[in-house]
Amino acid sequence: MNSIKLTPNWPLQFTKCAAVLVLLFVIKSVFAITLKAAFLLLLPLIGVIIIFNFIHLRFLHCYQAGINYTRFMREQYINSEEIKSISFKSLFICTIFKVELENGKNHHFYNWRLSADEKANIVRLYKNKVDCKVDYISSCRA
């Protein structure tokens with residue numbers, strides 16, 4: 001287990017785009033404008049969501065030495081010695097992977113698909129930094 005390479009959460013990305021399309025039809029019906037005018041109003045929003053999704057979703061890799069990821073076309077790295085705790089919070093369509101650093105900063109990774117195996121492997125990598133609130137661990141011995 002050298003690294004854990006997470007894959008993008010494509011259902012979440014599709015849901016974001018679908019929400020914009022629903023908003024398109026709501027605006028059309030509430031404000032009594034044509035579909036073309038509503039589409040022209042929301043076209044920039046759809047474009048921004050799609051562009052940011054592809055810029056933001058290049059990679060997220062967890063290693064024993066730390067976490068390597070991209071954010072806005074820049075590769076960034078979190079050293080494992082800087083990690084104070086990690087936790088997972090499951091919501092409807094996504095799981096938020098939270099990394100709290102020793103300096104008080106928090107990093108939330110929500111655009112990534114986390115299976116139960118991947119969660120377990122991440123917990124094994126950072127076993128001494130796991131927050132007791134991780135939802136799939138039956139017991140926590142801190």
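Residues numbered from 1 in each chain as written. Predicted model: local features only at pLDDT ≥ 70, side-chain atom pairs only at ≥ 80, totals over all residues. Heavy atoms only, no water.

(A) Highlighting the pairing of strand β8 (residues 106–109). With burial as the criterion, only one face of β8 is covered, namely that bearing H107 and F109; the residues N106 and H108 on the opposite face remain uncovered. Where strand β7 (residues 95–101) and β8 come together, four bridges link them in antiparallel fashion. Bridge pairing in β8 links F97 to F109. (Buried < 20%, exposed > 50% of the residue type's maximum accessible area, 1.4 Å probe, protein only. Helix = DSSP H or I, 4+ residues; strand = E, 2+ residues; numbered from the N terminus. Pairing = 2+ DSSP bridges.)

(B) Structural detail: the sheet that holds strand β3 (residues 60–63). Within the open sheet, the four strands sit side by side as β1-β3-β4-β5. Their pairing is antiparallel. Each edge of the open sheet carries a strand with a single partner, namely β1 (3–5) and β5 (74–79). For this sheet, the mean angle separating the axes of adjacent strands, direction not counted, is 15°. With three bridges joining them, β1 and β3 adopt antiparallel strand pairing. Each residue of the ladder has a partner; that of K5, found in β3, is H61. Lying over the sheet, helix α3 (residues 116–125) contacts β1 and β3, oriented at roughly 145° with respect to β1. (Axes fitted to C-alpha atoms, helices over the stretch in contact; angles between N-to-C directions. Contact = heavy atoms within 4.5 Å.)

(C) Layout of the packing of aromatic side chains. Enumeration according to the criterion identifies three aromatic pairs in this entry. When the ring of Y69 is compared with that of F109, the centres are 5.0 Å apart and the planes differ by 75°; the resulting orientation is edge-to-face. Taken together, the residues Y69 in strand β4 (residues 66–71) and F109 in strand β8 connect sequence positions 40 residues apart. Comparing Y69 with F109, the two get one shared label, buried. Plain terms: the ring middles of F97 and F109 are 5.8 Å apart, the flat faces sit at 40° to each other, and that makes the pair tilted. (Phe/Tyr/Trp six-rings, centres within 6.5 Å; stacked < 30°, edge-to-face > 60°.)

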